[in-house]
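Now for the letters of each chain:
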Amino acid sequence: MDYLSYFITAFTTIFVIVDPSGNIPMFIALTERLDHDEREKVSKKSTIIALGLLLFIALTGDLILRVFHISIDSLRIAGGILLFAVAVDILTGSRGKEAYAKRGLKNVDIDSLAVFPIALPLYTGPGAITAAIVLNAEATDVISKALLLLAIIAVYVIVRITHIYSEEIIKILGKSGSDIIARLMAIFLAAIAVEFVFTGLEGKIKEILA
């Protein structure tokens, strides 16, 4: 197995879906009523929860597939469709994320805000969960599984960094700059989704022919 290629694929896939840079405006919008210390508390808690959930999914992906009697090719196809829908949503304005933000702003509670909507589903949504399961199924040995966990941790370290420097990043990029980055990442996400679907279809066709 080409470990470097797998790590790059895993990191890129998770990074594009989690979208740390594109979610900066959303994070600021959700925490704008909080002071610095409260925002830091929300950031740390939401990042830990989001990271912990995705690591758990990555570690138990094989078991989840067995429990629900789902083949990896079926998950690739379903996951590819889901990821493509996420990409389209981002390209057309991330209406889903805006809805989550409005919900969060109605009642600002630090603990609940960190869990929902920031940790779930902003930073660890259905797309990230699906991708983690698919990537885990493609990890053929202990080293590749460790690389997947490392890729996930690296992405959420970046998430935490973007929170720390969120206001400075927004000043540099501006709202339009963040939107451009988010849409650019969405194009790569759509391409990854297509690869998932066609790889799954290829496996299903081979299964039928066999």
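Residues numbered from 1 in each chain as written. Predicted model: local features only at pLDDT ≥ 70, side-chain atom pairs only at ≥ 80, totals over all residues. Heavy atoms only, no water.

Considering the packing of helix 3 (residues 36–67) against helix 6 (residues 110–123)
Here's step 1: Put simply, helix 3 and helix 6 touch, their axes get as near as 8 Å, and they point 45° apart. Looking at the two axes, helix 3 sits oblique to helix 6. The crossing of helix 3 and helix 6 is right-handed. Mapping the contact onto sequence places E38, K41, V42, K45, S46, I49, A50 and L53 in helix 3 and I110, D111, A114, V115, I118, A119, L120 and Y123 in helix 6.
Here's step 2: Across the contact of helix 3 with helix 6, the residue classes tally to 11 nonpolar, one polar and four charged. (Axes fitted to C-alpha atoms, helices over the stretch in contact; angles between N-to-C directions. Helix = DSSP H or I, 4+ residues; strand = E, 2+ residues; numbered from the N terminus. Parallel < 35°, antiparallel > 145°, perpendicular 65-115°, else oblique. Left-handed = near helix turned anticlockwise from the far one by under 90°. Contact = heavy atoms within 4.5 Å. Nonpolar A, V, L, I, M, F, W, Y, C, P; charged D, E, K, R; others polar.)

Focus: the environment of F196
Here's step 1: Residue placement: F196 occurs in helix 9 (residues 166–209).
Here's step 2: Separated by 46 residues in sequence, F196 and L150 have C-alpha atoms that sit 21 Å apart.
Here's step 3: Every residue in contact with F196, bar those within four places of it in the chain, is listed here: T13, R76, I77, G80, L83 and V134.

Comments concerning the packing of helix 1 (residues 3–18) against helix 7 (residues 126–138)
Here's step 1: Between helix 1 and helix 7, the least distance of the axes is 9 Å, while the angle of their chain directions is 170°. Of the possible angle classes, the one that applies to helix 1 and helix 7 is roughly antiparallel. Across the interface between the two elements, Y6, A10, T13, I14, I17 and V18 of helix 1 pack against G127, A128, A131, A132, L135, N136 and E138 of helix 7.
Here's step 2: Among the residues forming the contact of helix 1 with helix 7, the class breakdown is nine nonpolar, three polar and one charged.

Section: the environment of I181
Here's step 1: Positionally, I181 belongs in helix 9.
Here's step 2: Counting along the chain gives 159 residues from I181 to G22, while the straight-line C-alpha distance between them is 6.3 Å.

Points about the packing of aromatic side chains
Here's step 1: In this structure the tally under the stated criterion is two aromatic pairs.
Here's step 2: Here F11 and F15 contribute two aromatic rings whose centre-to-centre distance is 5.7 Å and whose plane-to-plane angle is 25°, an arrangement assigned as stacked. You can see F11 and its partner F15 sitting in helix 1, four residues apart, about one turn around the helix.
Here's step 3: For F11, a relative accessible area of 23% puts it in the partly exposed group. (Phe/Tyr/Trp six-rings, centres within 6.5 Å; stacked < 30°, edge-to-face > 60°. Buried < 20%, exposed > 50% of the residue type's maximum accessible area, 1.4 Å probe, protein only.)

Notes on the pattern of salt bridges
Here's step 1: Under the definition given, this model contains eight salt bridges.
Here's step 2: Notably, a salt bridge pairs D111 with K45, separated by 3.2 Å at the nearest N-O pair. Note that D111 is positioned in helix 6 and K45 in helix 3, a separation of 66 residues in sequence.
Here's step 3: Classification of D111 as partly exposed rests on a relative accessible area of 35%. (Salt bridge = Lys/Arg side-chain N within 4 Å of Asp/Glu carboxyl O.)

A closer look at the confidence of the model for the chain
Here's step 1: Here the chain shows a mean pLDDT of 85. Residues at 70 or above account for 91%.
Here's step 2: Mean pLDDT in the chain bottoms out at helix 5 (residues 95–106), which sits at 51, and peaks at helix 8 (residues 142–164), which reaches 97. (pLDDT = per-residue confidence, 0-100.)

Considering the side chain of R76
Here's step 1: Structurally, R76 is set in helix 4 (residues 72–91).
Here's step 2: Taking relative accessible area as the criterion, R76 reaches 12% and is therefore assigned buried.
Here's step 3: A distance of 2.9 Å separates a polar atom in the side chain of R76 from a polar atom in the side chain of D73.
Here's step 4: If sequence neighbours within four positions are ignored, R76 has contacts with V134, E138, F196, V197, T199 and G200. (Polar contact = N/O pair within 3.5 Å; in protein donor to acceptor, adjacent residues only side chain to side chain.)

Some thoughts on unusual backbone geometry
Here's step 1: Going from F116 to P117, the amide bond is cis rather than trans, its omega being 10°.
Here's step 2: By secondary structure assignment, the location of P117 is in helix 6.
Here's step 3: A cis geometry characterises the amide bond from L120 onward to P121, with omega recorded as 5°.
Here's step 4: Note on placement: P121 falls in helix 6.
Here's step 5: One non-glycine residue, D19, adopts positive backbone phi at about 55°.
Here's step 6: As for its position among the elements, D19 is in the loop between helix 1 and helix 2 (24–31).
Here's step 7: Despite not being glycine, H69 has its phi angle at roughly 55°, a positive value.
Here's step 8: Structurally, H69 is set in the loop between helix 3 and helix 4.
Here's step 9: Residue H69 is classed as exposed on the basis of its relative accessible area, which comes to 74%.

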